[in-house]
Amino acid sequence: MSLGEFVAALFETTGRLHPMVLHLPIGMVAGLVVLEVVGLVRGVPMHRDLRSALLAVVVAASVLAAGSGLVLRAHEGHAGALVDRHQWLGLGFTACVLIAAFLHRRGRPLGYGVMRAASAVLLVPTGHLGGGLILAALLGPHAGAQVRLHMVARFRLQRRDIGPQHRRQRPRARVQRL
């Protein structure tokens, strides 16, 4: 194997790790937000060293996820508006995480809180679009509509299968005769 083939195989492997690697920053940011909210509610803020350690893991995981996503896109040749939006939202999420870590290290709690919240908010559309890309890859370009139609049809079939004998009936009030 030549050096060029090795580098190409390395890039391919790195890009294909993206669907696996991206879950760590999602879980870590969600966990960090939960810990921060619990600390605020209980009146006991999270210890600075713990927050720093969690942020270091989030930063490393976010950079790895973003980098593997960029490699995946370049190597696999993905294109389209959905991929563009997912890429830019993912890079925005990574930037928010990096800025939050920087502001935390500088002792700027307000800026850190804003950037932490921004990163948590960016997770939703980024993950949604990423899931849409996976569905499109597995089921075709109109996967979302197909899945919705399938779910609606399945629900209707289930309702049709439940006849009046299976539906819950109200207990009748018993009248005592005197």
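Anyway, here's the lowdown on the structure attached to this text.

Thresholds applied
Residues numbered from 1 in each chain as written. Predicted model: local features only at pLDDT ≥ 70, side-chain atom pairs only at ≥ 80, totals over all residues. Heavy atoms only, no water. Helix = DSSP H or I, 4+ residues; strand = E, 2+ residues; numbered from the N terminus. Buried < 20%, exposed > 50% of the residue type's maximum accessible area, 1.4 Å probe, protein only. Contact = heavy atoms within 4.5 Å. Areas by Shrake-Rupley, 256 points an atom, 1.4 Å probe, with all protein chains shown as cover. Axes fitted to C-alpha atoms, helices over the stretch in contact; angles between N-to-C directions. Parallel < 35°, antiparallel > 145°, perpendicular 65-115°, else oblique. Left-handed = near helix turned anticlockwise from the far one by under 90°. Nonpolar A, V, L, I, M, F, W, Y, C, P; charged D, E, K, R; others polar. Core = buried A, V, L, I, M, F, W, Y, C linked by side-chain atoms within 4.5 Å. Expected span 1.5 Å × (residues − 1).

## Some details on the overall build of the chain
A tally of helices and strands in the chain yields 7 helices and 0 strands. Across the 178 residues of the chain, 26% fall into the buried class. Expressed as a percentage of contacts within the chain between residues at least 6 apart in sequence, the contacts between residues at least 24 apart total 69%. Summed over all atoms, the accessible surface of the chain reaches about 13100 Å², with 66% contributed by carbon and sulfur.

## Focus: the packing of helix α1 (residues 3–16) against helix α4 (residues 48–76)
The relative placement of two packed helices comes down to the angle between their axes together with the axis-to-axis distance. Contact pair α1 / α4: the axes reach a minimum separation of 7 Å and the direction vectors enclose 120 degrees. What the angle tells us is that α1 and α4 run oblique. By crossing handedness, the relation of α1 to α4 is classed as left-handed. Along its contact with α1, which presents A8, F11, E12, T14, G15 and R16, the element α4 presents S68, V71, L72, H75 and E76. A breakdown of the residues in the contact of α1 with α4 according to their chemical character gives 4 nonpolar, 4 polar and 3 charged.

## Focus: the packing of helix α3 (residues 23–42) against α4
Orientation of α3 relative to α4, taken along the N-to-C sense of each, is 155 degrees, at an axis distance of 8 Å. In terms of orientation, α3 and α4 fall into the roughly antiparallel class. Our pair here, α3 against α4, has a crossing hand that is left-handed. For the pair α3 and α4, the contacting residues are L24, P25, M28, V29, L32, L35 and E36 in the first and R51, L54, L55, V57, V58, A61, S62 and A65 in the second. Classifying every residue of the contact of α3 with α4 by side-chain character gives 12 nonpolar, 1 polar and 2 charged.

## Concerning the nonpolar core
Listed in full, the 9 residues of the largest apolar core are L32, M46, L54, L55, C96, A100, L103, Y112 and M115. Tallying contributions element by element places helix α5 (residues 81–105) first for this core, with 3 residues. Once you skip the residues sitting within four places of it in the chain, A100 turns out to touch Y112, M115 and R116. Grouped together as the second largest cluster of nonpolar side chains are 7 residues, V29, V58, V59 and V97 included.

## Examining α4
Relative to the 42 Å expected for 29 residues at 1.5 Å per residue, α4 spans 41 Å between its end C-alpha atoms, a close match to the ideal helical length. G77 sits one or two residues past α4 and shows a positive phi near 75 degrees.

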